[in-house]
Amino acid sequence: MRGKLATVAVCLLAAACLDLGATGLQSIAEEASEERFGDGFAVVVIDSEGRRTSGVAGTRADGTDMDAGDPWVIGSVTKAFVATTVMQLVDEGIISLADRPSDVLDFEFIPDEATVFDLLHHSSGIPDYLTGEWPELMRSCPEKQPNPYDYVSSEKEFDPGTQWSYSNTNYLVLGDLVEAVTGNPIEVEIRGRILDPLGLSDTYLLHVESGPEPMAASQDFFDTGPGPLSDCQMKPSVDPAPVDGFMVSSVQDLDRFYRALFGGELVSDASLEAMMSQEYVGAEFGQGLGVIHLIDPPVDGVNIYANGGGIVGYKTLLMIDLESMTTIIAVSPNGFGFENQQDEILRWAFG
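Keep in mind that what you see is a predicted model, and the values were worked out from it rather than measured.

*Asks:* Please clarify how empty space enclosed by the protein should be interpreted in this entry.
*Replies:* By rolling a water-sized probe across the atoms, one finds the places where empty space is left. Considering all chains together, one arrives at two cavities of 30 Å³ or more under this definition. One number sums up the size of the largest cavity: a volume of about 40 Å³. Taken together, Y129, Q145, P148, L172, S237, P240, P242, D244 and F246 make up the full set of residues lining the largest cavity. Residue classes in the lining of the largest cavity are distributed as six nonpolar, two polar and one charged.

Following this line, the structure appears as structure tokens:
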């Protein structure tokens, strides 16, 4: 974005220069949509002054044009909301990063020595329920989604704190831990601590809370065949609360949340530093506590933190450059990844 703004500054017709920049971002969106067989793709870049440039192309599963203003299911970006809530509890002295969830929660798969820190950082050794039988079971579109905990091996993958391995189970457990120490469901704590204070009116926990309907999505995942996700009428599980990936949000809400988090509005300086730290085991993956540091970006002079989300039907990319306080939000309602777009978007914004 700094490069684009510099170009605008030397142009006699600033509007024309902005159009040229937007055209480049639009081209990225159109190519991404083509890669997705015409399904939708949207990317929005927002600078520190709130100026937006968007690239939007393709259609949603219901045949309507893609709209970057619509909410969607944000997948694992949900984990940033959970981590922020946990760090607020740390700031308040209700829990500490050294506390052991096994002292509060009675689940066989939680290693006795695993700490709150380990769960936040994915260094607990708790297996991911999304491996093993779970994917095939979901592809069969059962009448009711089973409890994810029933698919977690009781054998730890490694001793807590010694390795790093991404596990969605960690954040389901954190949701239960928050409820255990506060007496409130995790979604109530997230709403009271983050959503309502920031005015995030499009954001809520799907299947548990009500809110704006997420944009229509499609992915050939269930055995019902290609088509909209609505073809699968599986009754969702809400115990444990699905805070590993089932929040719904929007461009404007994610932009506001990330600016508040990294601007120091939501947690103490010490907690934000802990979330962003790269001094932990597995630092080569960029994983902090609920947020990820982008390692080796394709442009110089940036300091980017991010969250990505992938869930049946939706892909999300949320990034912020702390040097310019520019945010980037990308969404596709068909589950294709952003491997071919991320670097292009970053070069457009900062090259």
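*Asks:* Which parts of the structure should I look at to understand the pairing of strand β2 (residues 52–57)?
*Replies:* Two faces belong to every sheet, and in a regular strand the side chains alternate between them. Residue alternation in β2 divides its side chains into a buried set, T53, G55 and A57, and an unburied set, R52, S54 and V56. Where strand β1 (residues 41–46) lies against β2, six bridges are found, and the strand directions are antiparallel. Along β2, the bridge assignment pairs V44 with S54. Taken together, β1 and the strand that follows it, β2, pair antiparallel across an intervening segment of five residues, in which G50 is found at a positive phi of about 85 degrees.

*Asks:* Whenever I open this one, the packing of helix α3 (residues 78–91) against helix α6 (residues 169–182) confuses me. Can you help?
*Replies:* Packed helix pairs are characterised by how far apart their axes lie and by the angle those axes make with each other. Two elements in contact, α3 and α6, have axes whose closest approach is 10 Å; the angle formed by their N-to-C orientations is 35 degrees. Relative to α6, α3 is oriented so that their crossing is left-handed. Of α6, the residues touching α3 (which contributes K79, V82, A83, T85, V86 and L89) are Y171, L174, V178, V181 and T182. Looking at the contact of α3 with α6, its residues break down into eight nonpolar, two polar and one charged.

*Asks:* How do you make sense of the sheet that holds strand β8 (residues 314–321) when you look at a structure like this?
*Replies:* Working definition: the strands of a sheet are paired by backbone hydrogen bonds and lie parallel or antiparallel to each other. One open sheet holds the six strands; their spatial order is β2-β1-β9-β8-β7-β6, and the pairing between them is antiparallel. The open sheet is flanked by β2 and β6 (292–293), the only strands paired with a single partner. Here two bridges tie β6 to strand β7 (residues 304–311), and the two strands are oriented antiparallel to one another. Paired with H293 across the two strands is Y305, which belongs to β7. In the packing of helix α8 (residues 251–262) onto the sheet, the strands contacted are β1, β2, β7, β8 and β9 (326–332), and the crossing angle to β8 comes to about 40 degrees.

*Asks:* When you look at a negative patch on the surface in this model, what are you seeing that I'm missing?
*Replies:* On the surface, a cluster of negative charge is made up of E30, E31, E34, D343 and E344. Residue assignment for the negative patch shows that the elements contributing at least two residues are α2 (14–35) and α10 (342–350). The greatest single-element share of the negative patch, amounting to three residues, is contributed by α2. Relative to the helices and strands, E34 is located in helix α2.

*Asks:* Whenever I open this one, the pattern of salt bridges confuses me. Can you help?
*Replies:* Close approach of charged atoms allows side chains of opposite charge to pair. Considering all chains together, one arrives at 12 salt bridges under this definition. Residue K156 pairs with E113 through a salt bridge whose shortest N-O separation is 2.8 Å. Note that K156 is positioned in the loop between α5 (134–139) and α6 and E113 in the loop between α3 and α4 (116–121), a separation of 43 residues in sequence. Across the pair D255 and R259 runs a salt bridge whose closest N-O atoms are separated by 2.8 Å. Of this pair, D255 and R259 both sit in helix α8, four residues apart, roughly one helical turn. One continuous salt-bridge network, built from bridges that share partners, spans E92, E189 and R193.

Definitions and cut-offs
Residues numbered from 1 in each chain as written. Predicted model: local features only at pLDDT ≥ 70, side-chain atom pairs only at ≥ 80, totals over all residues. Heavy atoms only, no water. 1 Å grid on protein atoms, 1.4 Å probe; cavity = no way out; pocket = protein on both sides within 12 Å on 5 of 7 lines; lining within 4 Å. Points joined across faces, edges and corners; volume = space filled by probe spheres on them. Nonpolar A, V, L, I, M, F, W, Y, C, P; charged D, E, K, R; others polar. Buried < 20%, exposed > 50% of the residue type's maximum accessible area, 1.4 Å probe, protein only. Helix = DSSP H or I, 4+ residues; strand = E, 2+ residues; numbered from the N terminus. Pairing = 2+ DSSP bridges. Axes fitted to C-alpha atoms, helices over the stretch in contact; angles between N-to-C directions. Left-handed = near helix turned anticlockwise from the far one by under 90°. Contact = heavy atoms within 4.5 Å. Patch = residues over 30% accessible without salt bridge, like charges linked within 9 Å, V, L, I, M, F, W, Y side chains within 5 Å. Areas by Shrake-Rupley, 256 points an atom, 1.4 Å probe, with all protein chains shown as cover. Salt bridge = Lys/Arg side-chain N within 4 Å of Asp/Glu carboxyl O. Lys, Arg positive; Asp, Glu negative; His and termini not counted. Charge placed at Lys NZ, Arg CZ, Asp CG, Glu CD.

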